[in-house]
Each structure stands twice: as structure tokens, then as C-alpha cells.
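# Observations on chain architecture
Residue strings, one per chain:
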Amino acid sequence: MNIILLGAPGAGKGTQASKISDAYNLPHISTGDIFRENIKNQTPIGLLAKSYTDKGQLVPDEVTCKIVEERLSREDCKNGYMLDGFPRTIAQAEALDKIANIDLVINIDVDFSLLLDRLCGRRVCKDCGESYHVSRLNGETKCARCGGELYQRKDDNPETVQSRLDVYKAQTAPLIDYYTKKGIIFNVVGNTTPEDVFQKVAEKLDAMK
Ligand code: ADP
Ligand code: ZN
């Protein structure tokens, strides 16, 4: 099954992606993770991406689409995959249509008022990418999943978060309509707990098998 996870920054895409990836054995392809890895390793793509991610802007479509196309052509994607953070623009969705058959788009819908706090309080595992919120950590500094160290992403500060939310509204939200028209969208309310959201997603995925 080829799945897209759609939702605003902070909607819980990454959290659900890691649960779905574990439960359904699908490779988790996060363009944000790919860019962060490249930035850490100071590759040419990383140097370019950094100038955009630091400001909460999108990396140009051409670069992003090329990376995804290469990633989807690898062996581990033969039996399905889960895209997290791609597509993020109509142009990216159209490029994806040319190279992939998407079975389901899971749209995680969260009240905008919750997102700023979620993102600014987010801590991420440097090894496996799992996300946590400071309010649920009770001072814990290690990942419950793999023991890795937790850190705060550089773009999880109030100014950058605001521009990411603006970019989402202007460029990514139109994708909800795009995929609704194709009849492949599944909307799930993401205001509750990660476990609750996953249960609803799992019911849908099990029904599709
Ligand atoms: P978020 O929590 O905002 O969903 P991600 O980890 O998915 O964060 O992405 C972090 C940053 O990487 C984005 O703000 C953007 O600069 C860049 N990025 C990720 N995916 C894309 C994409 N599909 N197109 C363009 N830029 C992207
Ligand atoms: Zn971890």
C-alpha cells in the first residue's frame, strides 16, 4: 500500500508515521528527515536546504521531487511506502502522480490553536526521530523507543513555527481538496492522543487490506 500522511506542522504526522511504519512494515519516507540528515552531513543538498528550513520556508519543488523520486525507486519501496511531509505543494502532488499510484491519503486535522504549543514544546529523538512533548516527558531526556537522546529541532521556535504554519495554509492545505476530488482521502481528527488517532487510522488500514 502506498500512503501519504497529510497535515499541518505539529499535527502528528511523524508520530503516526512511526506507529504505522512499525505496525504495517512500511518504509517511512520523511522529506524533513532526509533534509535534516543532509544538513547534518553538510552535503550540497543539505547546504541548499538549510537556507530554507531555517526560515520555515519550503525547499524548491524541483530539488524535493528529485529526492523523492530517487527514494521511491529503491528496493524497499517495492511493496509499499508511507510518505510523510511530501507532497507539500500542488506541483509536488502532480509530479508524484506521474511516478506513483497512491492508495490512501491520511489527513490529520488539528485545531490551529494547538499547533504553536505542540511544536515549541516538541522534543525529538536524535536516533530514531520519535517525537515527544515536554509536558508528557516528566524530565526524561532519553527516547522511550530506542534510548536515544532527545533534542529540540532548530526550526521549533516561535518565529519559524509561525512561518511554517503560514506556508502550510497557503501551499499545503489546498492538497486536501486535491485528494478529496480524487476520492482517496481519509480525514482523522488529531486533537486527541496519539494512541487514539492511531487506532482510527489502523481501523481504516485494516479495512483496506
Ligand atoms: P514539519 O514539522 O514542519 O511538518 P518536516 O520535518 O516535515 O516538518 O520538514 C521540515 C522542513 O523541511 C520544512 O519546514 C521545509 O523547509 C522542509 N521540507 C520538508 N518537506 C518538504 C517538501 N515536501 N517540500 C519542500 N520543503 C520541505
Ligand atoms: Zn529513539
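Quick summary incoming for the structure in this document.

How each quantity is defined
Residues numbered from 1 in each chain as written. Chains lettered and ligands numbered in written order. Predicted model: local features only at pLDDT ≥ 70, side-chain atom pairs only at ≥ 80, totals over all residues. Heavy atoms only, no water. Axes fitted to C-alpha atoms, helices over the stretch in contact; angles between N-to-C directions. Helix = DSSP H or I, 4+ residues; strand = E, 2+ residues; numbered from the N terminus. Parallel < 35°, antiparallel > 145°, perpendicular 65-115°, else oblique. Contact = heavy atoms within 4.5 Å. Nonpolar A, V, L, I, M, F, W, Y, C, P; charged D, E, K, R; others polar. Buried < 20%, exposed > 50% of the residue type's maximum accessible area, 1.4 Å probe, protein only. Pairing = 2+ DSSP bridges. Donors = N, O, S within 2.8 Å, 3.2 Å for Na, K, Ca; no water. Tetrahedral: all angles 85-135°; square planar, octahedral: opposite > 155°, others 65-115°. Salt bridge = Lys/Arg side-chain N within 4 Å of Asp/Glu carboxyl O.

Attention now moves to the packing of helix H2 (residues 31-40) against helix H4 (residues 61-72). Look at H2 against H4: their axes get within 11 Å of each other, and the N-to-C directions meet at 100 degrees. In terms of their interaxial angle, H2 and H4 are classed as roughly perpendicular. Contact residues: Thr31, Ile34 and Phe35 in H2; Thr64, Ile67 and Val68 in H4. Its residues placed into classes, the contact of H2 with H4 shows four nonpolar, two polar and no charged.

Glancing now at the pairing of strand E4 (residues 104-109). Most of E4 is tucked away, with five of its six residues classed as buried. Bridge count between strand E1 (residues 2-7) and E4: five bridges; the pairing is parallel. When the sheet's bridge partners are listed, Ile3 is paired in E4 with Leu104. Bridge count between E4 and strand E8 (residues 185-189): five bridges; the pairing is parallel. The partner of Val105 across the bridge, within E8, is Ile185.

A few words now on the coordination of the zinc ion (ligand 2). Bound to the zinc ion (ligand 2) on the protein side are Cys125 (SG), Cys128 (SG), Cys143 (SG) and Cys146 (SG), at distances that span 2.3 to 2.4 Å. Coordination at the zinc ion (ligand 2) is tetrahedral, judged from the four donor atoms that bind it and the angles of 99 to 115 degrees they form at the metal. Positions of the donor residues of the zinc ion (ligand 2), expressed as sequence spacing, correspond to C-x2-C-x14-C-x2-C. Placement of Cys128 in the loop between strand E5 (122-125) and strand E6 (131-133) and of Cys146 in the loop between helix H7 (134-137) and strand E7 (150-151) is noted, with a sequence separation of 18 residues between them. Classification of Cys128 by relative accessible area gives partly exposed; the value is 29%. Residue classification places Cys146 among the partly exposed positions, given a relative accessible area of 42%.

This model, assessed by the stated rule, comprises 15 salt bridges. Residue Lys154 is joined to Asp54 by a salt bridge in which the shortest nitrogen-to-oxygen separation is 3.2 Å. Of this pair, Lys154 sits in the loop between E7 and helix H8 (158-172) while Asp54 sits in the loop between helix H3 (44-53) and H4, placing them 100 residues apart in sequence. Judged by its relative accessible area of 61%, Lys154 falls in the exposed class. Arg71 is paired through a salt bridge with Asp76; the nearest N and O atoms lie 2.7 Å apart. A network of salt bridges, in which partner residues are shared, links Arg122, Arg153, Asp155, Asp156 and Arg164.

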